[in-house]
Amino acid sequence: MATGGASVASLWTEVNRCGQNGDYTRALKALTKILHENRDDVTALHCKIVCLTQNGSFKEALNVMNTHSKVLGSEVVFEKAYCEYRLNRVESSLKTIEAAAEQTDKLKELYGQVLYRLERYSECKSVYTDLIRNSQDEYEEERKTNLAAVLAALSQWEETPLEDLGLPDSTYELCYNTACALIGQGQLTEAFNKLQQAEELCRVSLADDSDVTEEDIESELAVIHSQMAYVMQLQGRTEEALQLYNQVIKLKPSDVGLLAVTANNIITINKDQNVFDSKKKVKLTNAEGVEYKLARKQLQAIDLNKALLAMYTNQADQCRKLSSNLQSQNPGQPRPVLIQVAQLCREKQHSRAIELLQEFSDQHPERASGIKLVMAQLYLVQGHVTKACDVLRSIEEFKHKLGMISALVTMYSHEEDIDGAIDVFKQAIEHYQSQQPGSAAHLALVREAANFKLKYGRKKEAISDLEQLWKQNTNDIHTLAQLISAYSLVDTDKAKSLSKHLPSADAMSFNVDVDELENSHGATNVRKKAAKVPGENLPKEQGQVDIKKKRKKKKGKLPKNCDPKATPDPERWLTMRERSYYRGKKKGKKKEQIGKGTQGATAGASAELDASKTASSPPNSPRPGSASGSSSAPAGGSSNVVPPRQQKPAASGATRKKVPQKKKKGGKGGW
């Protein structure tokens with residue numbers, strides 16, 4: 001027994017030494033021997049669980065805890081919750097922590113991590129704030145970094161106003177988290193400056209470590225560079241952003257979440273262009289474990305982009321499958337429905353697309369505004385203008401907006417439904433009369449309604465609107481004139497009484513210098529009368545007769561090569577065939593045969609070279625190029641006969657192709 005006790009003691013010594021050296025594999029061997037002696041040794045079981053956890057064997061450690069749960073009890077609550085957290089069983093880990101009898105600092109730290117993974121950021125913030133306030137140890141900087149990450153998540157995903165908790169920017173992690181929070185607030189320039197500061201701090205802190213290589217530094221900077229590219233993309237600097245994104249991809253960082261986000265952002269830059277590159281990048285978003293690294297909104301954005309990419313690459317079934325899955329996961333989100341509608345429109349199924357939009361608007365009326373706008377657009381594409389108007393008038397949120405009223409009046413006018421347009425004006429005026437009486441928008445609507453009615457001859461209906469406008473401003477002469485014109489058709493007495501309010505002609509005349517107005521820079525098409533000479537209209541004496549001035553006749557221009565002394569041909573106005581001296585073309589003369597013999601030769605030349613003709617026939621008249629009547633050139637002399645040109649023979653073994661000629665088509669078609 002003493003020997004057994006001595007061996008167990010030596011085994012514990014071995015476990016202690018291996019634990020201090022970090023050699024947990026050898027420690028496990030010693031612990032196995034100890035448990036062989038006593039399988040319910042609580043200390044040995046606890047040490048074994050710790051060693052398995054340090055080696056990353058979380059499943060095996062959890063099996064040990066479940067097997068010996070009665071013996072261990074609450075001794076290993078933290079280890080069990082931690083193993084469940086590392087195995088991505090976050091809900092189970094939360095239950096384990098909440099069921100613990102005592103909330104130690106270790107459990108609170110883990111509780112904060114679990115709440116962050118569950119995206120319960122407000123509760124997580126409270127946990128870390130309490131830990132920083134009530135604990136003082138070497139982990140304070142890590143807690144501040146985690147708190148900064150929580151604030152960034154609140155700013156980005158829940159759009160919470162940024163709260164200043166006095167966190168320093170002493171490390172590159174804190175600077176990076178502060179930059180993320182600024183991005184969520186839309187302060188892009190400040191965020192970019194913070195990211196540059198984080199990059200400098202990272203290089204300085206890692207340069208002090210001699211074991212860290214330049215590649216290690218670039219790998220650590222990858223997340224900062226990816227976020228800098230995102231800021232550039234939001235600022236519209238897409239070319240710079242794309243270049244920086246590709247640099248991060250080439251580094252092949254081990255963080256699958258970083259790769260997925262970077263690849264997704266490249267796909268958003270490509271849009272419907274460079275689809276081949278997008279199809280390669282989308283594979284990076286399917287890596288194992290991505291769903292545990294990213295927030296829910298990030299995963300939804302990636303899935304939406306996958307569905308859009310499938311639509312752009314004409315993968316209709318894949319697009320429908322992805323968008324349907326998204327809709328089932330988020331029933332109240334309109335984007336998956338809009339992607340399905342876009343795919344149906346690409347397939348020219350507009351009626352089915354409208355049915356899908358109608359179903360969503362009926363099920364989720366609180367989110368139906370944007371959906372109904374798309375539905376109205378589809379009705380307009382199909383040419384159903386009245387149905388589009390009905391849909392637009394059913395949107396309570398935009399019903400009385402000035403832009404919506406203008407669009408409705410335009411569409412009703414296009415359909416020649418004047419009553420419908422007037423009804424739109426009537427409802428809008430009643431709304432502003434009750435909500436904002438006398439406001440600029442209200443009076444503008446009244447004036448537009450009156451002008452519209454007058455334009456389409458509804459003067460009787462325009463009277464009430466014109467009276468309302470005139471009461472608001474009795475000095476408005478234009479409105480008063482319109483009102484009198486409208487009353488002249490209904491009540492002439494009223495029109496006469498109102499006309500008394502018109503100013504007199506003298507009051508309406510303005511001191512205008514006409515000459516100055518005509519000579520102004522903007523005056524156009526002004527005909528000025530010539531100034532009258534003094535004495536021009538003097539009375540004429542008796543016997544004085546008006547002398548008419550004769551206009552000088554201009555001499556006509558003669559054609560070129562015309563002899564003015566020669567008598568012109570009296571028949572020059574007739575065509576040549578109709579003139580008396582026309583005799584027609586002379587017949588009997590044979591034209592010289594051209595191109596009938598060898599290439600380049602003429603008929604006369606070939607006759608001279610014919611020896612049979614020269615020997616028997618008598619000498620002819622002299623020909624060009626010969627000194628006497630001889631038909632052949634003298635020996636040694638020059639002849640005017642052009643030698644035939646030699647054609648280049650075809651290459652040996654080659655065949656000549658005959659080029660087909662265009663044939664004239666029958667009928668009237670021409671060639």
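Here is what the cut-offs are and how they apply
Each chain has its residues counted from 1, running along the sequence as written. Reporting in this predicted model follows two pLDDT cut-offs: at least 70 for local features of residues, and 80 or more for side-chain atom pairs to be given and counted; totals over whole chains, interfaces and linings ignore these cut-offs and use all residues. For the side-chain quantities, the full set of heavy atoms in the structure was used; hydrogens and water were omitted. Helix and strand definitions follow DSSP, with helices as H or I runs of at least four residues and strands as E runs of at least two, each counted in order from the N terminus. Working definition: with a 1.4 Å probe on protein chains only, accessible area under 20% of the residue-type maximum means buried, over 50% means exposed, and in between means partly exposed. Residues are treated as being in contact if the distance between any of their heavy atoms lies within 4.5 Å. Here, Shrake-Rupley sampling with a 1.4 Å probe gives the accessible areas, and only protein chains in the shown set may cover a residue. Each residue carries a pLDDT score, the predictor's confidence in it, ranging from 0 to 100. UniProt positions are given in the numbering used here, feature names are shortened, and annotations may be inferred rather than shown by experiment. Note on aromatic pairs: the rings of Phe, Tyr and Trp (six-membered ring only in Trp) are paired at centre separations within 6.5 Å, and the planes decide the class, stacked below 30 degrees, edge-to-face beyond 60, tilted for the rest. Counting as a charge over the ring demands two things of the Lys NZ or Arg CZ atom: a distance within 6 Å of the ring centre and an angle within 35 degrees of the ring normal. What counts as an axis is a line fitted to C-alpha atoms, over the stretch in contact for a helix, and the angles between N-to-C directions run from 0 to 180 degrees. Throughout this description, any angle smaller than 35 degrees is read as roughly parallel, any larger than 145 degrees as roughly antiparallel, any in the 65 to 115 degree range as roughly perpendicular, and the remainder as oblique. For any helix crossing, the convention is left-handed if the near helix is rotated counterclockwise from the far helix by under a right angle, and right-handed if that rotation is clockwise. The classification used treats Ala, Val, Leu, Ile, Met, Phe, Trp, Tyr, Cys and Pro as nonpolar, Asp, Glu, Lys and Arg as charged, and all other residues, Gly among them, as polar. Any N or O atom pair separated by 3.5 Å or less is treated as a polar contact, with the protein-specific requirement of one donor-capable and one acceptor-capable atom, and with residues adjacent in sequence counted only for side-chain atom pairs. Put plainly, a pocket is an open set of points on a 1 Å grid over the protein atoms alone with protein on both sides within 12 Å along at least five of seven lines, a cavity is a set where a 1.4 Å probe fits but cannot get out, and a lining residue has an atom within 4 Å of a point. Grid points are joined across faces, edges and corners, and a volume is the space filled by probe spheres set on the points. Should a side-chain nitrogen of Lys or Arg be within 4 Å of a carboxyl oxygen of Asp or Glu, the pair is scored as a salt bridge.

1. Notes on the overall build of the protein chain
Logical step 1: On a plain count of helices and strands, the protein chain comes out with 33 helices and zero strands.
Logical step 2: Of all 671 residues assigned to the protein chain, the portion counted as buried reaches 32%.
Logical step 3: In the protein chain, once contacts between residues fewer than 6 apart in sequence are set aside, the share between residues at least 24 apart is 46%.
Logical step 4: For the protein chain, the accessible surface area stands at approximately 46000 Å², while carbon and sulfur atoms represent 50% of it.

2. A few points about the confidence of the model for the protein chain
Logical step 1: Here the protein chain shows a mean pLDDT of 80. Residues at 70 or above account for 79%.
Logical step 2: When the criterion is pLDDT under 50, residues 613-671 qualifies, and its contacts beyond four places in sequence or with other chains add up to 28 contacts.

3. Comments concerning the UniProt feature "repeat: TPR" (unreviewed entry) in the protein chain
Logical step 1: Sequence positions flagged by UniProt for "repeat: TPR" (unreviewed entry) are, in local numbering, residues 222-255.
Logical step 2: Split by type, residues 222-255 is 79% helix and 0% strand. Its first and last C-alpha atoms lie 10 Å apart.

4. Some thoughts on the side chain of Q227
Logical step 1: On the secondary structure map, Q227 appears in helix 13 (residues 214-234).
Logical step 2: If near-sequence neighbours (up to four positions away) are discounted, Q227 is found in contact with Q156, Y176, C180, I183 and L195.

5. Here's the deal with unusual backbone geometry
Logical step 1: Phi angles above zero are rare outside glycine, and E119 is one such case at about 60 degrees.
Logical step 2: Within the secondary structure, E119 is located in the loop between helix 8 (105-117) and helix 9 (121-134).

6. What about the packing of aromatic side chains?
Logical step 1: Using the criterion set out here, one finds five aromatic pairs in the structure.
Logical step 2: Relative to Y82, the ring of F78 lies with its centre 6.2 Å away and its plane at 20 degrees, an arrangement referred to as stacked. Highlighted residues: F78 and Y82, both in helix 6 (residues 77-86), separated by four residues, approximately one helical turn.
Logical step 3: By relative accessible area, which is 25% here, Y82 ends up partly exposed.
Logical step 4: Aromatic ring contacts, followed pair by pair, group F58, F78 and Y82 into a single cluster.
Logical step 5: Residue placement shows K106 over the ring face of F78; its charged tip is 4.8 Å from the ring centre.

7. Overview of the packing of helix 24 (residues 402-414) against helix 25 (residues 418-435)
The relative placement of two packed helices comes down to the angle between their axes together with the axis-to-axis distance.
Logical step 1: Between helix 24 and helix 25, whose axes approach to 8 Å, the crossing angle comes to 160 degrees. Looking at the two axes, helix 24 sits roughly antiparallel to helix 25. In this structure, the crossing between helix 24 and helix 25 has a hand that is left-handed. Together, L402, I405, L408, V409 and Y412 of helix 24 and G420, A421, V424, F425, A428 and Y432 of helix 25 make up the contact between the two elements.
Logical step 2: Along the lines of polarity and charge, the residues of the contact of helix 24 with helix 25 split into 10 nonpolar, one polar and no charged.

8. Here's the deal with the environment of T96
Logical step 1: Looking at the secondary structure, you find T96 in helix 7 (residues 90-98).
Logical step 2: Exposure remark for T96: the relative accessible area of 14% places this residue in the buried category.
Logical step 3: Residues T96 and K80 lie 16 residues apart in sequence; the distance between their C-alpha atoms is 7.6 Å.
Logical step 4: Discounting residues that sit within four places of it in the chain, T96 has contacts with V77, K80, A81 and E84.
Logical step 5: Within the structure, the side chain of T96 is placed 2.8 Å from the side chain of E84, a separation counted as a polar contact.
Logical step 6: A polar contact is formed between the side chain of T96 and the backbone oxygen of S92, at a distance of 2.9 Å.

9. Description of the packing of helix 23 (residues 385-393) against helix 24
Logical step 1: The interhelical angle for the contact between helix 23 and helix 24, taken along N-to-C directions, is 160 degrees, at an axis separation of 10 Å. Of the possible angle classes, the one that applies to helix 23 and helix 24 is roughly antiparallel. Considering the relative orientation of helix 23 and helix 24, their crossing is left-handed. Contacts between helix 23 and helix 24 involve V385, C389, D390, L392 and R393 on the former and, on the latter, M404, L408, M411 and Y412.

10. Things to note about the layout of surface pockets
Logical step 1: Of the volumes computed, that of the second largest pocket is approximately 540 Å³.
Logical step 2: Elements with a contribution of two residues or more to the lining of the second largest pocket: helix 3 (42-54), helix 6 and helix 8.
Logical step 3: Looking at the lining of the second largest pocket residue by residue, the classes come out as six nonpolar, three polar and seven charged.

11. What to know about the pattern of salt bridges
Logical step 1: In this structure the tally under the stated criterion is 23 salt bridges.
Logical step 2: Its salt-bridge partner being R143, residue E109 comes within 2.3 Å of it at the nearest N-O pair. Taken together, the residues span a long stretch of sequence, with E109 in helix 8 and R143 in helix 10 (residues 140-157) at a distance of 34 residues.
Logical step 3: A salt bridge links R352 to E359; the nearest nitrogen and oxygen atoms lie 3.9 Å apart.
Logical step 4: Judged by relative accessible area, which is 35%, R352 ranks as partly exposed.
Logical step 5: Its relative accessible area of 40% is what places E359 among the partly exposed residues.
Logical step 6: Each of E199, R203, E214 and E218 takes part in a single network of salt bridges with overlapping partners.

12. Remarks on empty space enclosed by the protein
Rolled over the atoms, a probe as big as a water molecule pinpoints where empty space is left.
Logical step 1: Applying the stated criterion across every chain yields a total of one cavity of 30 Å³ or more.
Logical step 2: Here the largest cavity is characterised by a volume of approximately 50 Å³.
Logical step 3: What lines the largest cavity is simply R393, K399, H400, L408, V424, Q427 and A428.
Logical step 4: When residues in the lining of the largest cavity are grouped by element, the largest group, three residues, is from helix 25.
Logical step 5: Looking at the lining of the largest cavity residue by residue, the class counts come to three nonpolar, two polar and two charged.

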